[in-house]
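Breakdown of the fold
Each chain, written out:
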Amino acid sequence: MFYAIKWHYDQGKKGKAYVKDKRALLRAGGTVAAAFMLSLLGLGLVAFALLRMLGNDLSFP
């Protein structure tokens, strides 16, 4: 009986840790995605400025 109660108690503690780990993983993934999008935007702006400075025609026909 003791081991059954202990097992259920340990499973409850494991569930809380799992939720905390999942939340941290989602936050880290969101941070990486945001950093990637910002770097992509920065690269696009730098490329646009460089092409404009070099005299390329960037207008749509």
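Residues numbered from 1 in each chain as written. Predicted model: local features only at pLDDT ≥ 70, side-chain atom pairs only at ≥ 80, totals over all residues. Heavy atoms only, no water.

Attention shifts here to the overall build of the protein. Of the regular secondary structure elements, the protein holds one helix and zero strands. The C-alpha atoms of the protein give a radius of gyration of 25 Å, which is well past the 10 Å a tight globule of 61 residues would have. The dimensions of the protein, computed from C-alpha atoms along their principal axes, are 80 × 20 × 10 Å. Per-residue burial for the protein yields a buried fraction of 0% across its 61 residues. Only carbon and sulfur atoms are counted for the fraction: they give 73% of the accessible area of the protein, which is about 6,000 Å². (Helix = DSSP H or I, 4+ residues; strand = E, 2+ residues; numbered from the N terminus. Rg over C-alpha atoms; globule rule 2.2 N^0.38 Å. Buried < 20%, exposed > 50% of the residue type's maximum accessible area, 1.4 Å probe, protein only. Areas by Shrake-Rupley, 256 points an atom, 1.4 Å probe, with all protein chains shown as cover.)

As for its placement among the helices and strands, Gly29 is situated in helix α1 (residues 2-53). The exposure class of Gly29 is partly exposed, given its relative accessible area of 39%. As for Gly29 and Asp57, which are separated by 28 residues in sequence, their C-alpha atoms are 38 Å apart.

Right, let's get into a nonpolar patch on the surface. A cluster of nonpolar side chains, contributed by Phe36, Met37, Leu40 and Leu43, occupies part of the molecular surface with about 440 Å² of accessible area. With respect to the helices and strands, Phe36 occurs in helix α1. (Patch = residues over 30% accessible without salt bridge, like charges linked within 9 Å, V, L, I, M, F, W, Y side chains within 5 Å. Salt bridge = Lys/Arg side-chain N within 4 Å of Asp/Glu carboxyl O.)

This next bit is on the packing of aromatic side chains. Overall, the coordinates contain one aromatic pair when judged by the stated rule. Taken together, a centroid distance of 5.3 Å and an interplanar angle of 70° make the contact between Phe2 and Tyr3 edge-to-face. In this structure Phe2 comes out as exposed when scored by relative accessible area, which is 57%. (Phe/Tyr/Trp six-rings, centres within 6.5 Å; stacked < 30°, edge-to-face > 60°.)

Further remarks concern the UniProt feature "transmembrane region" (unreviewed entry) in the protein. Mapped onto this structure's residue numbering, the UniProt feature "transmembrane region" (unreviewed entry) falls at residues 24-51. Helix makes up 100% of residues 24-51 and strand makes up 0%, while its end C-alpha atoms are separated by 41 Å. (UniProt positions renumbered as here; feature names shortened; annotations may be inferred.)

Turning our eyes to something else, we now look at the pattern of salt bridges. Evaluation of the coordinates by the stated rule reveals one salt bridge. For the salt bridge of Lys6 with Asp10, the shortest nitrogen-to-oxygen distance reads 2.9 Å. Of the two residues, Lys6 and Asp10 both sit in helix α1, four residues apart, roughly one turn of that helix. For Lys6, a relative accessible area of 38% translates into the label partly exposed.

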